[in-house]
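# Topology and contacts: notes
For reference, the chains in residue letters:
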Amino acid sequence: MKTLIINIKELLQVRDASVLKVSGAEMAVLPTIKNAFLLIENDLIAGFGSMADLPKINADKIIDADGKMVLPAWCDSHTHIVYAGNREQEFVDRINGLSYEEIANRGGGILNSAKKLNATSEEEIYNQSKLRLEEIMLLGTGAVEIKSGYGLSVEGELKMLRVIQRLSQNYPITIKATFLGAHAFPSAYKTNRKGYIDLIIDKMLPEIAAANLADYVDIFCETGYFTVAETEQIMAAGIRLGLQPKIHVNQFNSIGGIQAGIKYNALSVDHLEVMKPEDIEALKNTQTMPVALPSCSYFLGIPYTPAREMITAGLPMALASDFNPGSTPSGNMNFVVSTACIKMKMTPEEAINAATLNGAYAMGISETHGSITIGKKANLIITKPISSYYQLSYAFGSNLIESVLIEGKVFT
Ligand code: NIG
Ligand code: FE
């Protein structure tokens, strides 16, 4: 099956296969081709170029993109979209003055979601989660990482990971699964932290690895959650079973989580709302991708990741949604890109790089996703007619997407 897209006003994020991430000043450059064509063969990008060089092609389907732009679908490297119910009451409690931490300390927060998840059938969790997956695909996401972490029990964590596996089998979008058993201490282990860490290391991780249910291991390294030493212990155990770490750090406090992540060769360190100079320094010349989650900052009213300082220091940066019921009930990557520009002062070029190629890197798939490159997946956004790609950040809240192609087919 050959699909040919013609008359593309501007084809964005055109890269050589050797570019797997962009850092520092490179992030300000978004390579494009104006008045372009793009050829798709089955699920892959098979060719592209200027309309002036369009060869004779016998396509099965032709899409005329006159006035429209084409870019790689968003690569959302950090989500928690498998969950049960919602936490709208906590949202109202926060409006009335309670903080996210105060709610968590009262047994709300992650433990509230864990209670709901453990009381909900696997079938029902799947049915709720697939709606979120379909929603983000229609919003332009073509690859997504999904975490467990609302089970906090052997059965609950396995249940979540099986739901992620089933989503991955039933939908064309690329999905990476991350085991986040170390998301919070369940109430039963409040005074027996070691007991829960042992459960993670001796029971959850081996069962998950044996069933091949996860690609990565995550830990919420934060005051009141998992200490740096506990984080290191769980990362080491994950690595022994072939799971590379991707961890939650520096959301509320800078306690050394970044340094620990780097020490264990984490693929990404995520959140980074609170950064000390030594945290930025530590990330230099590493293979670890810093990931910012601006929708979380927006929803909780906490600081934004200091992207300008980090990019000026030469670091790469990825953007992800953090879609979850507590801190970010939105998986809209268009809003993420726009908010990164508006609140973090990233340029449109930097934000698009961060939400495509660098996002793909942060989930270990930048050899196959995240740019317009021959041989990569034909996971694409076709915009509505727009004056320039600045519109994607500028017209915040507008839906500028006309269609989304996943594996070469329009997703509806
Ligand atoms: O990434 N910070 C830790 N975990 C999630 C939120 C979890 C929740 O509130 O349910 C996050 O923001
Ligand atoms: Fe998260």
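Everything that follows concerns the structure shown earlier in this document.
Since this is a predicted model, take the numbers as computed values, not measurements.

Our next topic: the coordination of the iron ion (ligand 2). All of the protein donors around the iron ion (ligand 2) are H78 (NE2), H80 (NE2), H248 (NE2) and D322 (OD); their distances to the metal are 2.0 to 2.2 Å. Counting gaps between the donor residues of the iron ion (ligand 2) yields the pattern H-x1-H-x167-H-x73-D. Residue H78 is found in the loop between β6 (74-76) and α1 (88-95), and its partner H248 is found in strand β10 (residues 244-249); the two are separated by 170 residues along the sequence. Overall, the relative accessible area of 0% leaves H78 in the buried class.

A separate point is the sheet that holds strand β12 (residues 289-292). Pairing within the open sheet is parallel, and its 8 strands lie in the order β6-β7-β8-β9-β10-β11-β12-β13. At either margin of the open sheet sits one strand with a lone partner, and together these are β6 and β13 (318-319). Bridge count between strand β9 (residues 216-219) and β10: 2 bridges; the pairing is parallel. In the strand pairing of β10, V217 is matched with P245.

This part takes up the environment of L38. As for its placement among the helices and strands, L38 is situated in strand β2 (residues 32-41). Between the alpha carbons of L38 and L4 there is a distance of 5.9 Å; along the sequence they are 34 residues apart. Ignoring anything within four residues of it in the chain, the contact list for L38 reads T3, L4, I5, I8, I45, G47, F48, V70, I372 and L380.

For the structure on display, the rule yields 8 aromatic pairs. Ring centres of Y298 and F335 lie 5.0 Å apart, and the angle between their planes is 70 degrees; on these two criteria the pair is classed as edge-to-face. Taken together, the positions of Y298 in helix α10 (residues 294-300) and F335 in helix α12 (residues 333-344) put the pair 37 residues apart, joining distant regions of the chain. By way of ring pairs, the aromatic residues F185, Y189, Y196 and F226 are connected into one cluster. Residue placement shows R166 over the ring face of Y126; its charged tip is 3.8 Å from the ring centre.

A word on empty space enclosed by the protein. Evaluated as defined, the whole model comprises 3 cavities of 30 Å³ or more. Quantified by volume, the largest cavity comes out at close to 100 Å³. If you trace the largest cavity, you find 14 residues lining it, with H80, Y100, H183, N324 and S327 closest to the centre. Of the residues in the lining of the largest cavity, the class split is 4 nonpolar, 8 polar and 2 charged. Here the second largest cavity is characterised by a volume of approximately 50 Å³. In terms of lining residues, the second largest cavity is bounded by P72, A73, W74, C75, G142, A143, H369, G370, S371, K377 and N379. Sorting the residues of the lining of the second largest cavity by element identifies β6 and β7 (141-147) as the ones contributing at least two each. A breakdown of the residues in the lining of the second largest cavity according to their chemical character gives 5 nonpolar, 5 polar and 1 charged. When residues of the lining of the second largest cavity are assigned to domains, at least three map to each of domain 1 (2-73 + 370-410) and domain 2 (74-361).

Basis of the calculations
- Residues numbered from 1 in each chain as written.
- Chains lettered and ligands numbered in written order.
- Predicted model: local features only at pLDDT ≥ 70, side-chain atom pairs only at ≥ 80, totals over all residues.
- Heavy atoms only, no water.
- Donors = N, O, S within 2.8 Å, 3.2 Å for Na, K, Ca; no water.
- Helix = DSSP H or I, 4+ residues; strand = E, 2+ residues; numbered from the N terminus.
- Buried < 20%, exposed > 50% of the residue type's maximum accessible area, 1.4 Å probe, protein only.
- Pairing = 2+ DSSP bridges.
- Contact = heavy atoms within 4.5 Å.
- Phe/Tyr/Trp six-rings, centres within 6.5 Å; stacked < 30°, edge-to-face > 60°.
- Lys NZ or Arg CZ within 6 Å of the ring centre and 35° of its normal.
- 1 Å grid on protein atoms, 1.4 Å probe; cavity = no way out; pocket = protein on both sides within 12 Å on 5 of 7 lines; lining within 4 Å.
- Points joined across faces, edges and corners; volume = space filled by probe spheres on them.
- Nonpolar A, V, L, I, M, F, W, Y, C, P; charged D, E, K, R; others polar.
- Domains from an automatic or database assignment.

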